[in-house]
Each structure stands twice: as C-alpha cells, then as structure tokens.
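Descriptive structure summary
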Amino acid sequence: MTKLSTVDPNASVLNPQRFIQRERENCSIDIDQVNTFLESDPRSRDLTHLIVDQLVNDPIIKADSATYDQTKLTQREVTVKKIARMALYMEQDIKTVRKHFRDTDLLKSLQDFGDTTTPPLTNKDLAIFDKRLSLVANMDPQLSTRIGVHLGLFGNCIKGNGTDEQIKYWLQTRGAILIKGIYGCFAMTELGHGSNVAQLQTTATYDQESDTFIINTPDLAATKWWIGGAAHSATHTACYARLLVNGKDYGVKTFVVPLRDPSSLQLMPGIAIGDIGAKMGRDGIDNGWIQFRNVVIPREFMLSRFTKVHRNPGATPTVEVDPQLDQISGYSALLSGRVNMVMDSFRFGSKFATIATRYAVGRQQFADKPGQPEKQLIDYPLHQYRVLPQIVIPYIISPAAFSLLNFYYSTLDELYAASSKNDKRALVVVSQKLKNLFIDSASLKATNTWLVAQLIDELRQTCGGHGYSGYNAFGKGYNDWVVQCTWEGDNNILSLTSAKSILKKFVDSATKGKYNKELDKRSFRYLDPQFIRKVFTSSSENKLDDLYDYTNIWAVALMKLLRHIAKQVDSTKDLDGASKLLVLVSKFHALYVMLNTYYEKLNSPTDSYVTCPKTKEQLWNVYKLFSLYFIDKHAGEFQQFKILSPDQISQVVQPRLLKLLPEIRKECISLTDSFKWPDGMLNAPIGYYDGDIYHNYFNEVVKNNPVEKDGAGIPPYHELLANMLTRGDEFARLGGANNAEILSKLTK
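Let me sum up the structure you'll find in this document. (Residues numbered from 1 in each chain as written. Predicted model: local features only at pLDDT ≥ 70, side-chain atom pairs only at ≥ 80, totals over all residues. Heavy atoms only, no water.)

So, the overall build of the chain
Across its full length, the chain carries 27 helices and eleven strands. A compact globule built from 748 residues should have a C-alpha radius of gyration of about 27 Å, and the chain, at 29 Å, falls within 12% of that. With respect to the principal axes defined by its C-alpha atoms, the chain has extents near 95 × 75 × 65 Å. The buried share among the 748 residues of the chain stands at 53%. Residue pairs in contact within the chain that sit at least 24 positions apart in sequence constitute 75% of those at least 6 positions apart. Counting every atom, the chain has about 33200 Å² of accessible surface; 54% of that belongs to carbon and sulfur. (Helix = DSSP H or I, 4+ residues; strand = E, 2+ residues; numbered from the N terminus. Rg over C-alpha atoms; globule rule 2.2 N^0.38 Å. Buried < 20%, exposed > 50% of the residue type's maximum accessible area, 1.4 Å probe, protein only. Contact = heavy atoms within 4.5 Å. Areas by Shrake-Rupley, 256 points an atom, 1.4 Å probe, with all protein chains shown as cover.)

A closer look at the packing of aromatic side chains
Two descriptors summarise a pair of aromatic rings, namely the distance from one centre to the other and the angle between the planes of the rings. Applying the stated criterion across every chain yields a total of 26 aromatic pairs. Note on Y169 and W170: the rings are 4.8 Å apart at their centroids and 75° apart in plane angle, and the pair reads as edge-to-face. Residue classification places Y169 among the partly exposed positions, given a relative accessible area of 33%. Its relative accessible area of 1% is what places W170 among the buried residues. An angle of 75° between the planes, with centres 4.9 Å apart, marks the rings of W170 and F301 as edge-to-face. Residue W170 is found in helix α7 (residues 164-173), and its partner F301 is found in the loop between β9 (295-298) and β10 (307-310); the two are separated by 131 residues along the sequence. Put simply, the rings of F37, Y548, Y550, Y598, Y599, W620 and Y623 touch in pairs and so form one group of aromatic residues. Directly above the aromatic system of F524 lies the positively charged group of K505, at a separation of 4.8 Å from the ring centroid. Lying over the aromatic face of W450, K587 brings its terminal NZ or CZ to 4.9 Å of the ring centre. (Phe/Tyr/Trp six-rings, centres within 6.5 Å; stacked < 30°, edge-to-face > 60°. Lys NZ or Arg CZ within 6 Å of the ring centre and 35° of its normal.)

Quick look at helix α10 (residues 381-421)
For α10, built from 41 residues, the straight-helix expectation of 60 Å at 1.5 Å per residue is met to within 8% by its first-to-last C-alpha distance of 61 Å. Bending of α10 peaks at approximately 30° at the position of S398, with proline P399 no more than four residues after it. Of the residues one or two after α10, N422 is the one with positive phi, at around 55°. (Expected span 1.5 Å × (residues − 1). Bend = angle between axes of the 7 residues up to and from the residue.)

Some points on the nonpolar core
Of all hydrophobic cores here, the largest spans 213 residues; its most connected members are F213, I290, Y526, W554 and F638. The element that contributes the greatest number of residues to this core is α10, accounting for 19 residues. (Core = buried A, V, L, I, M, F, W, Y, C linked by side-chain atoms within 4.5 Å.)

A look at the environment of V652
Assignment of secondary structure puts V652 in helix α21 (residues 646-666). Between the C-alpha atom of V652 and that of V296, which follows or precedes it by 356 residues, the distance is 67 Å.

Some points on unusual backbone geometry
Trans is the common state for peptide bonds, and a negative phi is the common state for residues other than glycine. Unusually for a residue other than glycine, F366 sits at a positive phi of about 70°. Here F366 lies in the loop between α9 (332-362) and α10. Using a relative accessible area of 58% as the deciding quantity, one classes F366 as exposed. Positive phi is not limited to glycine here, since K642 has a value of about 55°. Mapped onto the secondary structure, K642 falls in the loop between α20 (635-640) and α21. For K642, a relative accessible area of 64% puts it in the exposed group.

Details of the side chain of D508
Positionally, D508 belongs in helix α14 (residues 491-512). Excluding its chain neighbours within four sequence positions, the residues that come into contact with D508 are G513 and K514.

This is the structure we're talking about:
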C-alpha cells in the first residue's frame, strides 16, 4: 500500500505547493539582507542560525507534534530532561566565549571582559547562552521559563540586590549561575497581592540575639503564589518580605531562603509547599505556593546592596538604607524578563505570521465563477487586511527589541560599577537611565505582548478550522503566550506606571523647560521643549508626506494626548480618573519608539545592511503600513485630539493603507521566509516550508492518532456507547407510551 506521505501532490486539484513555489520564483527582495536587518547585524544573524540549527536537531530539545498530546506530568518530566540538556549547552557556550572570543569573527560583537583565565563569570560569558535561551523560548516557552526563573529572576534578584560578596557566594561558589548546586525560584507574588509589591505581607523579623531573620507567612493571603519551580524543583528562593527591626517596618526587601535540601530535595523545617494545579498553558512549569512558619535564616542571607542591618552587639541594631536606589532595586529582577519579552514578541509574532501566511497563500476557497479554479485566500482583500498587517508587526518590533536589550545590559553594567565604587555622581546618572529603562521596558512589554496575543488569535481565525487544530501550534501558542500579558507586571498596571512617568516628564518640560537632551534623546525626543512649542503653535496640518512623518505623527499624538490629560488632572485633581487615557499614552509611546528605532536603523547608511533598492523599498512599505494600520485603529482618538481631521483619515490614511496591502501581498512569502524559521521551530504542518499543507497535516494527525482497524485506535468507552445504543425500550417498560403511539401523535 502506498504511504500517505508519498502520495503525488500533483495528483490533487488542490496543490498548495505550486502557489508557494510561484511566490518564491517571483520574489524581488533579498531575503538574506532582510534577515540580517531583522537579526540586527551579520554576527548576530550567524549566531542565531547556528543556535537554531543545533536546537531543532537536538534529539532532546527538538519539538514535534507529539508535544501537543502530552499530559501535564509528561510535560514536566520532559522539561526537566531539557533543562539538564540546556545546562550542558551553557557550559559549552561559556567555553566557546572564553576560548574563541578574540579570534572568532562570529563573537567580535562581545566586549572584551579581560583575562579569559579569570574564573568569575560575567554577563558577557553568558552572551551565547542568553541568545540560546531566547531562541528556545520560540520552540518551548515553558522550558525557557523554567530556566529563566532560575537565572533571570532568582539570579538577577541576587545580582541586583546583593553585595559583591553575596553575588559571588550564591552565583559562583554555590553554583547557581551554572544551574549547579542549587536551583532557585522567585517568591514575590502572594495570594493577596501581585502588582502592589509594596504591600506584600510576608515578614522577615530580625532577631538580634541570634543574629538571624525569622521568615513568616502571617495569614492565608500572604501565601506566596504562582511561584514557578516551587512546587517540585526549587531548592532556594529569592523571597520578598517586609523587613521588621525593633518593631519598625522598613518595607519590602529581598532574602535568600532555603526551601529544600539540594541532595535529597526534602523540604526544610518550617516550609510548606504545594502545586497550584491546572493553568491555561505552560504545564511544564511547576508553579507552586509557599508558606513559611518561623523559618530561620542567617542575617547574611538578606540581600544587602542597598539596605543593610547592623547587629551592633550591646546596642540597638541599626538599618542603613540607600534611598537613591533602594526602590528601584526592588524591581530590578523584573527588568530582564520585561526586556526579553519584547524580544519574545518579535520572535513569537514572526513564527505565527509565517504559519498563517503560508497557509493563506496555499489554501484555496471558493471561485469567482462556476468552473473556475478556487481562489487563494490571500487574494481576497479582507484576508489581506487580516493577515498582512500582522506580518509587519514583528518587523517593527525587531530593531526596538535589540536596542532595548543593549540598553538594558549597558545600564546594568553602569549600575553595578557605580554602586560597587559608591560613585555618587555616576549613581545619579545611572538612576535616570534606569528610570527611562523602566518606562521603555514597561510600555514596550505591555504593548507588544498585547499585540502578539491579538496577532496569534487573529491569525488562528484566518486559518479556519485547521487553525483550531492542536497540531498547528495556534492553540498551545496562544495559551502559552497570554501569560506574558500578566506576569512580571500586569500590562494595564505597567502601562499606567510608565504613562504617569511620561506625564511628569511632559509637565516638567512644558512648564519648566526641564529636559535632559543627552539622556532623553533615545526614547523621549518628543519631550524636547522646542518640539512641544512647535506642536502647539503651528497652525499647519499634520501630514504624511515624508518617511519620518509616519513616526512623527505619533509624537504629535503624544503631545496632544498628554496636554489633554494634564489639563484634566489639573482641573479634577484626579489622576486615576485619567487611567484609560494614560494606558493609551503608554501604547502610543511604544508605537513611537518602535517606529523611530526602525526608521533610524533602516535610514542608516551602515547599520541596516540593506543595499538592494527593491528590498529597501519594501521595508519602507512595511514601516508605512504599520503606522497607517494603527492610525486607522486609533482613528477615533486621532480625530478627537485633532491630530488628523476626519477627511485625512478617510481620504489619506485609509486609501494609502488599502493601496499598500497589494504591495505587501506581492512579497508576503519572501517577507515571512526572511524570518528563516525551520519547520522544527514552527512545529505546525500547515505552515511548513514546502507548502504541502494537506499531506503534512494529515500525516501528523495519523501519526499521533492511530487509524481504527485491527483492534487499534479503539477508544475504551466504545462499550458504553454500544450499551446505550442497544438498550431495551426502557420508556415502555416503565409504563410509558409505546413507539407506535408516540409516532402517531407526532404525525398529527
């Protein structure tokens, strides 16, 4: 019998492969140049390709369709095996950096960290592994989260809040940075509090006599909740608790608390832990709850970079707090996650854009006239409107994601250097940079995780019933993704927080002329007092004549929106009453930053790596479509705040948007091929590179669901169904009417 997988695709009237191939034959853009643009630079591109090739071919790490049928227990077991594999990759990646740093062209982008024989590990040592972890997140988000909780939350909490000695002890000596010796989790959120970190209720009471802290869960609402890795895995936690010394509450600080014996994984005295149970997605993560009952830890286990408790034998203990950075330090561990979620948005969005676009090109549905071939989905104008703007979203995210990541690393390096040397002047500068980083990371994280959640679901719907299938990635992808809108800062709270800071900056600039051109030019160019005056004194219309206008229009929108809010708050004295508009400020800021970063990169004579004129022209079309699409989405606000007139919306914005769609449609396959995701990364048969949609999909279904024959594929409940269908006439036996009587009544 001929195997289904070898059936000649040309034997079918529906042959999606030929459409995909035709698109590639007619491609007019340079895919390699586009991919280099998206991956930031040639060295980053080459490293990405090398790591992706390793991951999709690794027998333990690689993904396949069987993943979609795994139980929660199986997913957790498989995830632990993958963590062990990734730990080996980490050691290999560090050796690669240290051995080949100076003479391997691939790694020249890494900065010199000095003597390569020095044992202490730095961020630069982990540069390759950080990229590996980012890429594995696109294949297996629960795997990257399990490792990310340990390295990114537990590890960064120690790096951000610990002294140099504590960092060396926990990360180096105890082995946490290599996923050895101890395995950490991050106990911030509680059953009763999440975003409001300042009101967490777990306590850490200093006992001067024993020179220890006593960690307690005072009531049910203070139970640590949603703690990734706590249920079964973590040996230690970075615990957020209220510092109580001599009856005085010094607010929430961070403490390293042992949970389990690393050699046996048995719980330590006073620790109660459980599994929080079923979730929407990411079942490979063992999220748990933790309660503390008089758990004693040494004073040295309090992370003391910015707050120190001094025992003072024979006298009252004292608490030394650095007010300048203490508040910021409490959130520093979350920065890494927020920054990386922007990069995740680029990669995850590009993955689903690829799947849906290939399906839209290969799938035929309905014919214009009887007897004619059915039409490709992508040739319907409505389908173009639904799919093509989703393709450009990850394009615009990419440059901002790489820029934010670089800004994060450079700012954190400055913070560690300044605080280690206690350089007050440097701390003032880095403090301002951190505040700007908080604004950018918060608004970009919130806006882009929302955008990609919408992207996944919209593109799922464009794939019809096949998009609803578990084997085509959308269902699991959506369930795994949407937690990004909640954790490490609920999106609405993050948006409000960032917008309030932007509003303050606006008021300071507009009323006092306070604007730091050097520090604010990166993301807040629109807050320059000269620009503000120009916006509110010019009588000319805002137009979309030049390329930069597609960015600048969002700066104008921000100015008018911020002035409206400032007047409203000044009148009502109610900042919370402006919350709806403040969330909009955060979104507009994110859109402005992304468009501005994209514009600067593509406009750069050296940094874009795009030399082909047709390629650059199409990338500018991507840029314009993104701006127009979201202007149209926010047409009400653009008219309300007199950014554009109704005529401009209907006669300029919407016609240009609709005119661009066919232009983007010509290159939709090449634009998605430019992401260069192999099939093993997509794990969705309707989106595989060869375009053989139906055979690929059918074969994956049959592989995971045995065909019913010769006793195979028979469900255990067949007997129940058979008994129901062959039961006696229970109604008649119980004295009811017989079938003939019932039928006679129904016919009257």
